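Below, each chain spelled out in residue letters.
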Amino acid sequence: MGSTVILGIDPGLANTGWGVIKADHSKNRALAYGCLSTAAGSERCQRLNSIHQGLWDVIERFAPVELAVEAVYFGVNAKSALLTGEARGVALLAAAQGSMSVSEYSPTQVKQVVTGNGYAKKSQIQYMVKAFLQLDHLPQPDHAADALAVAICHAQMRRLN
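These notes cover the structure that comes with them. In this text, all values refer to a predicted model and were calculated from it rather than measured experimentally.

This part covers the nonpolar core. In terms of nonpolar packing, the biggest core is built from 22 residues, with Leu-7, Ile-9, Trp-18, Val-20, Leu-55 and Leu-67 touching the most fellow members. Looking at this core, the elements with two or more residues in it are β1 (4-10), β2 (15-24), β3 (27-37), α1 (44-62), β4 (66-70) and α2 (78-97). Broken down by element, this core gets its largest block of residues, six residues, from α1. In terms of nonpolar packing, the next biggest core, distinct from the first, is built from 19 residues, Ile-21, Leu-135, Cys-153 and Ala-155 among them.

Here is the structure:
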């Protein structure tokens, strides 16, 4: 298995985390990561367009071939889940436009693969992402760390298949 550039996404209307890694055999290396934030007072369609454009800029810059996206968690707040789903849809559209293959992972699955605990806290995820990618600092913000964790989860799952 050769090296693959993977884009991980932690979708959200207010904050969409993204992380690009290069998965090469048993080693992962961070290429870049960040968070696309949108203003709560802006029109929803403008916010979604901003997320799409930001993701498209990342896709054009790093040319990932695979997208790993966190599934929407339907907890107590259905409205929040719906808005997250819309941001996720924008990420899927960008992936389709970039001819990328797409894989989806639940939040519990990502936490289990990255930390060994499906109920890990944000700080544990950040610590393990730092260790996996041999970063000299904790990845910030936590949305970006979560996106890197999704990409790492996908890289690990690829190796098992």
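Here we come to the sheet that holds β2. The mixed open sheet is built from five strands, whose spatial order is β3-β2-β1-β4-β5. Two strands bound the open sheet, and with one partner strand each, they are β3 and β5 (101-105). Here the strands of the sheet are splayed against their neighbours by 20° on average, with no regard to which way each runs. Across the sheet, α2 is in contact with β1, β2, β4 and β5; its angle to β4 comes to roughly 175°. Each of β4 and β5 is contacted by helix α3 (residues 107-115), which is oriented at about 90° to β5, the strand it contacts most.

The next point concerns the pattern of salt bridges. Across all of its chains, the model carries four salt bridges by this definition. Across the pair Glu-86 and Arg-44 runs a salt bridge whose closest N-O atoms are separated by 2.8 Å. With Glu-86 in helix α2 and Arg-44 in helix α1, the pair connects residues that are 42 residues apart, well separated along the chain. The exposure class assigned to Glu-86 is partly exposed, which follows from its relative accessible area of 23%. We classify Arg-44 as partly exposed; its relative accessible area is 40%. Between Glu-66 and Arg-158 there is a salt bridge; the shortest N-O distance is 2.9 Å. Note that Glu-66 is positioned in strand β4 and Arg-158 in helix α5 (residues 142-160), a separation of 92 residues in sequence. The class of Glu-66 is buried, set by a relative accessible area of 13%.

Procedures and definitions
Residues numbered from 1 in each chain as written. Predicted model: local features only at pLDDT ≥ 70, side-chain atom pairs only at ≥ 80, totals over all residues. Heavy atoms only, no water. Core = buried A, V, L, I, M, F, W, Y, C linked by side-chain atoms within 4.5 Å. Buried < 20%, exposed > 50% of the residue type's maximum accessible area, 1.4 Å probe, protein only. Helix = DSSP H or I, 4+ residues; strand = E, 2+ residues; numbered from the N terminus. Pairing = 2+ DSSP bridges. Axes fitted to C-alpha atoms, helices over the stretch in contact; angles between N-to-C directions. Contact = heavy atoms within 4.5 Å. Salt bridge = Lys/Arg side-chain N within 4 Å of Asp/Glu carboxyl O.

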